[in-house]
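Structure assessment
What follows is each chain in one-letter form.
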Amino acid sequence: MQAGRLQAVRGQLSQAEKQDVTALFQGGRLAEIVERATNLTARYPADPFGWSVLSSALLHQGRSEQALPPLRRALDLAPREAGLHCNLGLALLALGRTEEAMAGFRRALEICPGSVAARNKLGNALEAVGRLDEAAAHYQMSLEASPDQPRTLYNLANTLVALGRPGEAAVRYRAALALAPDYVFALANYGVVLAGLGRAVEAEDYARRALRLDSGLAEAQILLANILLLRGDAAGALRVVEASLDSGERPETRRLFVACLRGLPAPPDGSVRRQRILRALAEPWGRSTEVAAAIAPMLEADAILGGCVRRALAAWPGRLSAEALYGATGVAAVAGDALLLGLLDAAPIASPGLERFLTLARGCLLDTALDAGPCIVEDGGADRETAFYAALARQCRVNEYVFAVTATEADGVRDLTGRLAEALARDLPVPSVWVLAVAAFGPLHAVPQAGRLAKRSWPAPVAAVLTQQLAEHAEEQRLRGRIPRLTPIEDDVSRLVRRQYEENPYPRWVRPAPVGEPVSLAAHLRERFPLGDLADVPAGATLDVLIAGCGTGQHSLETARVFRGASVLAVDLSLTSLCYARRKTRELGVANIEYAQADLLRLGEIGRRFDLVESSGVLHHLADPAAGWRALLPLVRPGGVMRIGLYSRLARRGIARVRAMIAARGLDGSGENIRAFRQELLDTPWEPSWGRYLLGDFFSVSGCRDLLFHVQEHCLSLLEIKGFCLENGLRVLGVEVDPPVLAGYRARFPQDAAATDLSNWHAFEEDNPDTFLEMYQFWVQKS
């Protein structure tokens, strides 16, 4: 925030002394001014000039706290000086004391109604606290008094964007640029508005103009990268993103980095790009499954690891010795690949080739363990091989032991588990390799006396396996008695669904997706749907949220951190899922989520209402999805919003055929059936009629059960959803799709700028049947 102008007030000082100080201001010699002004206040304590000079200099130095005492002293001496009130507002605003700051600006305007500076600063303060309509009004009044203000035009345009009025904002950006053609922030933000209006070519031109003036401007870099991605130029987008990351990281540039990786080769060891990929996995820079999906193809194409994958595929379904699987370089070369180890810890690996290799690697681990005697001496350190096999064991737990198991391996695991249990019971030495091999085929907590493992000293990678499979399980068991039940669960289908998720809580996610600074619901929706009619969306300082069907808490945590002032009630049928969710929530230190067990159909009994109700991927698992949706409607306050996710009948046509195969054979959702049927699908030549069933969910037991073996599933069409909305007074605010899909829709239906006409989307989907492969995700508002 720029400090206010120097206030020259008549007093006992000579004109020459005042001119000297003014000259110092013009030269930017702030340290000298502070010294001179301090001297002046000592010599002339009753003259406001010295106090005014001192406070202005401190404001220019960014020392707002220190500026307050001299400002207040100056105001005691000159209470009718508007500029001093304006400067007081600036100091308070910088300190986050916004309401007091606004009072200062308003007092300045009372004294001098024509003060453009005070009116602009009041607009800034109102904008900062989200009072956007008032901010826009003050900017407009300032422009009426003095039209040629590019900064005020820019601020007004930004406020109009936040209000969901991009067309009006574009006019103000153009006016600002007419006055200041090299105003880089206006160039970049105008480009963002043009991109949102579907004018990508013009948007790219403004992004490049801004970058010619300021090559490190992050807003322009992000805009250009998004446009290049939309055009299919991932390599070009990555160059822009990496240049931005070199200057400084932002959540959006990290997300774009992940989006640019698909189809690119693995970078060399030690490179900056490789280090960023490792960070993207570990921190993470997107949902772990999305990061993993971008990186798995890199590993398959790697010279060493790719060779292992090819040998595994050639031998399948047979098994290989370690020498035959790892080749001349041995296991050490694979075990030293930090990218592979990071991927194993991040999410289920959604790659048939890597799955085959890891299945055979697990077999080699078992062979090594069976050959290891109980008296093996370990030095307590962790070599590369131990770290690799520990990461493999953790991956197997994350995917819930989805890999194929031969009869010979099953016998070996039983033998080894017996040895481990006996050694623990008799307090005998236990080699690390025994622990890792058993943990790679089944959860350690199922081993008799497993708790004794935690009392021993282990290398760090093995200790991480024990934390995952013993400590985390124990914590979830402890939480079972601490989660309240809000409603009975008596519906027959609800009971079946609860049983499924008690057996296989879904998804078993590892790390939360990153989020930016919390924003209001209105601001979130305006960013997502800039052309939508969002005038009446809740925009208050607090937000009551219901997550109806929260599963293991992944989405609940995102919602709780995305929305400013959110208070979240997250309910689910499955107590096991809720315990997983609560453990992860406690790990992350998030305190604004309340978890409870309840049947969605009976939530009306709890006597609460919400500003936002989310139910994504839930209603289509009820006996009657429409009845479930209607049960949620009374929980939404008037003007409140719902985010709904439902399966598309058209997009899941292939999955429906696979489900029909399963039903025809009478297969239930047991782990054994899921593992066997998955392998059959992977071994069978591709059948186009199955559709794109190889989604990420296919690569874990709970995911595959949810995808193909669910006990209850309905699919709908957009026309059915439209009919429900019309019958129940719901207005569509926006449909969630990727930018390329939205661009294609707008090209076909330019008259529907907000992209909310479900009849049009139905026609679009008929021509592009995989558009909603995962599900329809859309926002509606209750009238």
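That block above? That's the structure.
Notes on the structure follow. Computed from a prediction, not measured in an experiment: that's the story for all the values here.

Along its length, the protein chain carries 37 helices and seven strands. Dimensions along the principal axes, computed over C-alpha positions, put the protein chain at roughly 100 × 65 × 50 Å. Residue burial in the protein chain is summarised as follows: out of 783 residues, 53% are buried. Residue pairs in contact within the protein chain that sit at least 24 positions apart in sequence constitute 71% of those at least 6 positions apart. On the protein chain, roughly 32,600 Å² of surface is accessible, and the fraction owed to carbon and sulfur atoms is 52%. Distance between charge centres in the protein chain, computed from 87 positive and 90 negative side chains, equals 3 Å.

This part covers helix α30 (residues 575-588). Along an α-helix, residues three or four positions apart point the same way, because every turn accommodates 3.6 residues. Over its 14 residues, α30 runs 20 Å from end to end, which matches the ideal 20 Å to within 8%, given 1.5 Å per residue. Burial within α30 is extensive, with ten of its 14 residues counted as buried. Within α30 the residues assigned to the buried category are L575, T576, S577, L578, C579, Y580, A581, R583, K584 and T585. Turning to α30, the residues buried within the fold contact α26 (460-479), α27 (492-503), α29 (554-562), β2 (566-572) and β3 (593-597). One or two residues past the end of α30 sits G589, with phi positive at roughly 70°.

What follows concerns the sheet that holds strand β5 (residues 636-646). Read across the sheet, seven strands follow the order β3-β2-β1-β4-β5-β7-β6 without closing on themselves; strand pairing throughout is mixed. If you trace the sheet from one side to the other, it starts and ends with β3 and β6 (730-735), each paired once. Taken pair by pair, the neighbouring strands of this sheet meet at an average axis angle of 20°, ignoring direction. Sheet topology note: the strand β1 (residues 543-548)/strand β4 (residues 610-616) ladder contains three bridges and is parallel.

Where helix α32 (residues 653-665) contacts helix α33 (residues 671-683), the axes come no closer than 13 Å and their chain directions differ by 130°. Comparing the axis directions of α32 and α33 gives the class oblique. You can see that α32 and α33 cross each other, and the crossing is right-handed. Here α32 contributes V658, M661, I662 and R665 to the contact with α33, which in turn contributes F677, E680 and L681.

This part takes up the pattern of salt bridges. Inspection of every chain in the model, using the stated rule, returns 52 salt bridges. Here R602 and E490 are joined by a salt bridge, their closest N and O atoms 2.8 Å apart. Here the residue R602 occupies a position in the loop between β3 and β4, and E490 occupies one in the loop between α26 and α27, the gap between them amounting to 112 residues. Here R602 falls in the partly exposed class, since its relative accessible area comes to 24%. Between R637 and D544 there is a salt bridge, with its nearest N and O atoms 2.9 Å apart. One end of the pair, R637, is in strand β5; the other, D544, is in strand β1, and 93 residues separate them in sequence.

Buried together is how nonpolar side chains tend to be arranged in soluble globular proteins. Formed by 180 residues in total, the largest nonpolar core has its most connected members in Y326, F357, F388, Y389, L444, L453 and L708. Counting residues in hydrophobic clusters, the runner-up holds 41 residues, among them F610, V613, I644 and Y745.

Glancing now at the pairing of β1. Within β1, five of the six residues are buried, leaving the element largely enclosed by the surrounding structure. Of the strand pairs in this sheet, β1 and β2 are connected by six bridges, and their pairing is parallel. Pairing of D544 across the sheet is with S567, part of β2. Taking the sense of rotation as the criterion, the β-α-β connection linking β1, α29 and β2 turns out right-handed.

The next subject is the side chain of S648. Relative to the assigned elements, S648 resides in the loop between β5 and α32. Relative accessible area serves as the criterion here: at 0%, S648 is assigned to the buried category. There is a polar contact of 3.3 Å between the side chain of S648 and the backbone nitrogen of L650. At a separation of 2.5 Å, a polar atom in the side chain of S648 contacts the side chain of E765.

A few words now on helix α2 (residues 30-43). With 14 residues, α2 should cover 20 Å at 1.5 Å per step; its first-to-last C-alpha distance of 20 Å lies within 8% of that length. Within α2, the full set of buried residues consists of L30, I33, V34, A37, L40 and T41. For α2, the angular spread of buried residues about the axis comes to 130°, placing them on one side. The exposed set on the far side of α2, more than 90 degrees from its buried face, consists of A31, E35 and A42. In this structure, the buried side of α2 is in contact with α1 (15-26) and α3 (48-60).

Most of β3 sits inside the fold, with four of its five residues counted as buried. Pairing of β2 with β3, which is carried by five bridges, proceeds in the parallel orientation. Bridge pairing in β3 links L569 to E594.

Across the junction of W316 and P317, the peptide omega takes the value 5°, indicating a cis bond. Put simply, Y506 and P507 share a cis peptide bond, and its omega is -10°. Note on placement: P507 falls in the loop between α27 and α28 (521-528). One non-glycine residue, Q449, lies in the positive phi region at around 65°. Mapped onto the elements of the fold, Q449 is located in the loop between α25 (432-441) and α26. Despite not being glycine, A755 has its phi angle at roughly 55°, a positive value. Note on placement: A755 falls in the loop between α36 (739-748) and α37 (758-767).

Inspection of every chain in the model, using the stated rule, returns zero disulfides. With no disulfide of its own, C364 lies closest to C308 among cysteine sulfurs, the gap being 9.7 Å. The exposure class of C364 is buried, given its relative accessible area of 3%.

What follows deals with the packing of aromatic side chains. Evaluation of the coordinates by the stated rule reveals 18 aromatic pairs. Geometrically, the ring pair formed by W629 and F724 is stacked, given 4.1 Å between the ring centres and 15° between the ring planes. Here W629 is found in helix α31 (residues 625-632), whereas its partner F724 is found in helix α35 (residues 718-727), with 95 residues between them in sequence. With a relative accessible area of 7%, F724 lands in the buried category. Among the aromatic residues, those joined into a ring-pair cluster are Y745, F749, W761, F764, F772 and Y776. Directly above the aromatic system of Y580 lies the positively charged group of R583, at a separation of 4.9 Å from the ring centroid. The positively charged end of R678 is found above the aromatic ring belonging to F698, 4.6 Å away from the centroid.

As a further point, take the side chain of R276. Note that R276 resides in helix α16 (residues 272-282). Overall, R276 belongs to the buried group, its relative accessible area being 9%. There is a polar contact of 2.6 Å between the side chain of R276 and the side chain of D246. Apart from residues lying up to four places away in sequence, R276 is in contact with E242, L245, D246, F257 and W285.

Cut-offs and rules
Residues numbered from 1 in each chain as written. Predicted model: local features only at pLDDT ≥ 70, side-chain atom pairs only at ≥ 80, totals over all residues. Heavy atoms only, no water. Helix = DSSP H or I, 4+ residues; strand = E, 2+ residues; numbered from the N terminus. Buried < 20%, exposed > 50% of the residue type's maximum accessible area, 1.4 Å probe, protein only. Contact = heavy atoms within 4.5 Å. Areas by Shrake-Rupley, 256 points an atom, 1.4 Å probe, with all protein chains shown as cover. Lys, Arg positive; Asp, Glu negative; His and termini not counted. Charge placed at Lys NZ, Arg CZ, Asp CG, Glu CD. Expected span 1.5 Å × (residues − 1). Pairing = 2+ DSSP bridges. Axes fitted to C-alpha atoms, helices over the stretch in contact; angles between N-to-C directions. Parallel < 35°, antiparallel > 145°, perpendicular 65-115°, else oblique. Left-handed = near helix turned anticlockwise from the far one by under 90°. Salt bridge = Lys/Arg side-chain N within 4 Å of Asp/Glu carboxyl O. Core = buried A, V, L, I, M, F, W, Y, C linked by side-chain atoms within 4.5 Å. Right-handed = clockwise from strand over helix to strand, strands pointing away. Polar contact = N/O pair within 3.5 Å; in protein donor to acceptor, adjacent residues only side chain to side chain. Arc of directions from axis to C-beta. Disulfide = S-S within 2.5 Å. Phe/Tyr/Trp six-rings, centres within 6.5 Å; stacked < 30°, edge-to-face > 60°. Lys NZ or Arg CZ within 6 Å of the ring centre and 35° of its normal.

Everything listed here is a matter of geometry and, on its own, says nothing about what the molecule does.
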